[in-house]
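The primary structure of each chain is shown beneath.
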Amino acid sequence: MSGHFVLQNITNQEIEDIQNAWLQDQLPVPVLGPLQHDNIGWNGASRAQLVQAMGGGIPNRTGLPPHKYLDFGVGQIGPKGQLYLFENYQSNGWIRRILRPEMGLKTLSNNAQTQWMLDRLRESFINQIKDNGATLEIYYFNNGEIQ
């Protein structure tokens, strides 16, 4: 499994803010999924694999350290969620930290890919949610390695 975007680190407050915006729209609240790659663990090799993935890319996902996914269902974004993402972008929030390194991520929808190529991160993320749902792949929680 892989995400559409990588958000290396997320905080409790950021998750709470996302959930509050989705609750205001009366939509299912995104929650962190179960731990992936827990059999690999955090060690010198898995940390190096993640650094390589974020830099020059990797040929496959083998050896990546533990991570979790934050899933946003297909079409599950409303006006409050979109406003939240606009304000988050304006305040230099987490939406500006999403990445798409060469590491076998899920393909973006055509609309999301077009926006991504134009460096319109927020619009890309919103279009991906609307078209096919979006998944954030997260490696650090509150600046600590996800366990």
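Residues numbered from 1 in each chain as written. Predicted model: local features only at pLDDT ≥ 70, side-chain atom pairs only at ≥ 80, totals over all residues. Heavy atoms only, no water.

### Considering the pairing of strand β4 (residues 134–138)
Here is the rule: Residue burial is assigned from relative accessible area. The probe radius is 1.4 Å, only protein chains are included, and a residue is buried under 20% of its type maximum, exposed over 50%, and partly exposed in between. Secondary structure elements follow DSSP: runs of H or I of four or more residues count as helices, runs of E of two or more count as strands, with numbering from the N terminus. Should DSSP find at least two bridges between two strands, the strands are taken to pair.
The element β4 is largely enclosed, with a buried count of five among its five residues. Covered by surrounding structure in β4 are Ala134, Leu136 and Ile138 together with Thr135 and Glu137, the residues of both alternating faces. The sheet contact formed by strand β1 (residues 5–6) and β4 spans two bridges and is parallel. The residue of β4 that forms the bridge with Val6 is Glu137. As defined by bridge partners, strand β3 (residues 68–72) adjoins β4 across five bridges and the pair is classed as antiparallel. What sits directly across from Asp71, in β4, is Thr135.

### Regarding the environment of Pro59
Note that Pro59 resides in the loop between α2 (44–54) and β3. With relative accessibility at 84%, the residue Pro59 sits in the exposed group. In sequence terms Pro59 and Gln49 are 10 residues apart; their C-alpha atoms lie 11 Å from each other.

### Topic: a nonpolar patch on the surface
The line we're drawing: Patches in this entry comprise residues that are over 30% relatively accessible and not in a salt bridge; like charges within 9 Å are linked, as are nonpolar side chains (Val, Leu, Ile, Met, Phe, Trp, Tyr) within 5 Å. Using a 1.4 Å probe, the Shrake-Rupley method yields the accessible areas, and only the shown protein chains count as cover for residues. We count a salt bridge whenever a side-chain nitrogen from Lys or Arg sits within 4 Å of a carboxyl oxygen from Asp or Glu.
Nonpolar side chains collect at one region of the surface, where Leu23, Val29 and Val31 lie side by side and expose about 240 Å² of accessible area between them. Within the secondary structure, Val29 is located in the loop between α1 (12–24) and α2. We classify Val29 as partly exposed; its relative accessible area is 30%.

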